[in-house]
Amino acid sequence: MEINKLLLTFAICRLIVTVGLTVDPAELLRLGVDGQLSVDPSDVEIASVDFGLLSRAEPMAVLHPASAEDIARLVRSAYNSATGFTVSARGHGHSINGQAQTSSGVVIEMSRRRSRGSQLGFGNPNPPQVSVKEMHADVWGGELWIDVLRSTLEYGLAPKSWTDYLYLSVGGTLSNAGISGQAFNHGPQISNVHELDVVTGKGEILTCSEDENSELFHAVLGGLGQFGIITRARISLEPAPQRVRWIRVLYSSFSSFARDQEYLISLYGNPPTQKFDYVEGFVIVEEGLINNWRSSFFSPRNPVKISSIAADGGVLYCLEITKNYHQSNVDTIDQEVESLLKKLNFIPSSVFTTDLPYVDFLDRVHDAELKLRSKGLWDVPHPWLNLFVPKSRIADFDKGVFKGILDNKTSGPILIYPMNTNNLRRCNELMVIKQELTGLLILLVIKLIINEAAFSLRDPL
């Protein structure tokens with residue numbers, strides 16, 4: 001511990017000399033945290049970058065907290081400091097534009113998986129606490145959703161709403177919204193939270209919910225980290241399905257594709273047997289896309305070619321839907337799926353189906369990550385653009401972007417999420433086009449909004 005204090009003092013004094021930092025080293029040394037305040041070069045390097053790899057900001061130290069009180073002590077120190085210093089919370093580092101970075105300040109490493117201090121016996125907050133009776137789980141803000149899932153599955157339960165990628169922190173996605181194909185049914189992840197513990201900008205630890213400190217509760221959820229640091233979230237749970245029927249069908253007409261997506265999400269209030277559990281889709285503007293890593297669902301022995309189907313403007317649209325089920329109702333799943341599919345207007349010969357365990361479906365993108373890592377294509381720049389497109393303009397967007405600007409010039413996925421605005425009341429992420437450039441890879445995520453009122457979500461909290 002004394003060696004760490006000496007290293008920390010040396011690092012701060014070096015910053016004072018080189019960049020004119022005005023922080024008194026004693027301020028940080030007096031914190032008395034139970035975790036670890038680290039200046040280890042490997043910790044500092046990890047905290048200097050994020051998934052976007054578009055910016056770099058080197059902190060003077062990294063805090064591996066052992067509790068919410070450690071975080072509160074640090075924030076109070078910054079708030080009460082005569083000179084001040086910056087503090088930033090970092091989950092699994094999947095910010096795009098440096099949101100979790102701070103130059104010459106302190107980064108709080110919230111995720112235990114990335115915490116070197118945790119390996120040394122520091123920074124190990126409580127694991128998820130599951131209440132079967134109340135159907136909720138209390139989880140640390142830095143917990144990854146994949147670990148939340150594994151913990152709740154031990155009780156036969158699971159969170160209701162997800163993101164496509166599970167190696168994200170709870171506090172991170174709740175600070176944005178948390179949207180995937182289940183959101184039309186359950187709302188985004190921020191609509192499935194009962195209670196939060198938050199460290200405010202003054203270093204106070206406050207519990208908030210719909211009934212207690214409600215203004216803070218609504219500000220923090222989807223607040224992009226501007227109103228406090230989430231240290232605990234009480235997440236709503238439901239009985240976990242055992243298996244998933246995963247279906248993809250193709251369209252050559254965008255109007256038919258959009259109409260069917262709209263119809264499917266209009267069924268959200270129906271009994272479980274009369275609706276799908278997940279509705280997404282993607283656009284195919286290039287031959288290789290449908291058989292690439294993101295679409296490995298299709299058999300490589302039977303590749304799908306745009307040229308083999310009469311695509312409108314050289315573009316195809318794929319509807320991606322799932323039906324959750326248990327072994328106890330496996331005999332009826334075929335009938336339920338067929339009843340729903342017969343009301344859709346996809347190309348009849350284009351039905352691709354697979355069955356897999358529920359966990360494997362939720363964690364499907366991680367398999368793609370491992371493939372990209374093996375090819376050296378993961379740790380590359382990832383600029384993203386997120387927008388909402390209203391129903392009234394989505395056809396224009398198809399014509400101008402899918403069939404115009406892109407014009408067979410991208411080999412990356414273009415994802416489309418249909419959303420009900422009644423499930424987006426607390427979603428303040430201004431998203432629908434999600435654009436990622438990885439070398440020549442472009443990712444556009446279009447979240448199709450079914451009601452013009454969605455644009456009222458532009459108002460800041």
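Residues numbered from 1 in each chain as written. Predicted model: local features only at pLDDT ≥ 70, side-chain atom pairs only at ≥ 80, totals over all residues. Heavy atoms only, no water.

Draft legend 1. Region of the structure containing the sheet that holds strand E3 (residues 87–90). Pairing is mixed in the open sheet, where four strands are placed in the order E1-E2-E4-E3. The open sheet has two edge strands with one neighbour each: strand E1 (36–38) and E3. When the angles between neighbouring strand axes are averaged without regard to direction, this sheet yields 25 degrees. Relative to strand E2 (residues 61–64), E1 is paired through three bridges, and the arrangement is antiparallel. Bridge pairing in E2 places Gln-36 opposite His-64. The sheet contacts of helix H3 (residues 41–48) involve E1, E2, E3 and strand E4 (106–109), and relative to E2 the element is tilted by about 95 degrees. (Pairing = 2+ DSSP bridges. Helix = DSSP H or I, 4+ residues; strand = E, 2+ residues; numbered from the N terminus. Axes fitted to C-alpha atoms, helices over the stretch in contact; angles between N-to-C directions. Contact = heavy atoms within 4.5 Å.)

Draft legend 2. A look at the packing of aromatic side chains. In this structure the tally under the stated criterion is 13 aromatic pairs. Seen from their ring centres, Trp-145 and Trp-162 are 5.9 Å apart, and the 75 degrees between their planes marks the pair as edge-to-face. In this pair, Trp-145 is assigned in helix H6 (residues 145–153) and Trp-162 in the loop between strand E7 (157–159) and helix H7 (170–174), connecting sequence segments 17 residues apart. Accessibility expressed as a relative area gives 1% for Trp-145, which makes it buried. (Phe/Tyr/Trp six-rings, centres within 6.5 Å; stacked < 30°, edge-to-face > 60°. Buried < 20%, exposed > 50% of the residue type's maximum accessible area, 1.4 Å probe, protein only.)

Draft legend 3. Quick peek at the pairing of strand E6 (residues 136–140). E6 sits mainly inside the fold: five of its five residues count as buried. When strand E5 (residues 129–131) meets E6, the two strands line up antiparallel, connected through three bridges. Of the residues in E6, the one forming a bridge with Gln-129 is Asp-138. In sequence, E5 turns back onto E6 through a hairpin of four residues, with Met-135 there showing a positive phi of about 55 degrees. Direction of pairing for E6 relative to strand E10 (residues 229–239): antiparallel, over a ladder of five bridges. Within E10, the residue paired with Trp-140 across the bridge is Arg-232.

Draft legend 4. The arrangement of the environment of Ile-71 in detail. As for its placement among the helices and strands, Ile-71 is situated in helix H4 (residues 68–80). Ile-71 sits in the buried class, given a relative accessible area of 0%. A sequence separation of 128 residues divides Ile-71 from Val-199, and the C-alpha atoms of the two residues are 7.3 Å apart. Sequence-distant contacts of Ile-71, that is, excluding residues within four places in its chain, are made with Leu-63, Pro-65, Ile-108, Met-110, Trp-140, Val-199, Ile-229 and Thr-231.

Draft legend 5. Highlighting the confidence of the model for the protein chain. Looking at the protein chain, pLDDT values average 80 and 74% of them are 70 or higher. The secondary structure element of the protein chain with the lowest average pLDDT is strand E17 (residues 436–438), at 33, and the one with the highest is E7, at 98. In the predicted structure, residues 291–296 sits below a pLDDT of 50 and forms 16 contacts with residues beyond four places in sequence or in another chain. Predicted confidence for residues 426–461 stays below pLDDT 50, and this span has 139 contacts to residues more than four positions away or in other chains. (pLDDT = per-residue confidence, 0-100.)

Draft legend 6. Fine view of unusual backbone geometry. Backbone geometry places Leu-53, a non-glycine residue, at a positive phi of 50 degrees. With respect to the secondary-structure elements, Leu-53 resides in the loop between H3 and E2.

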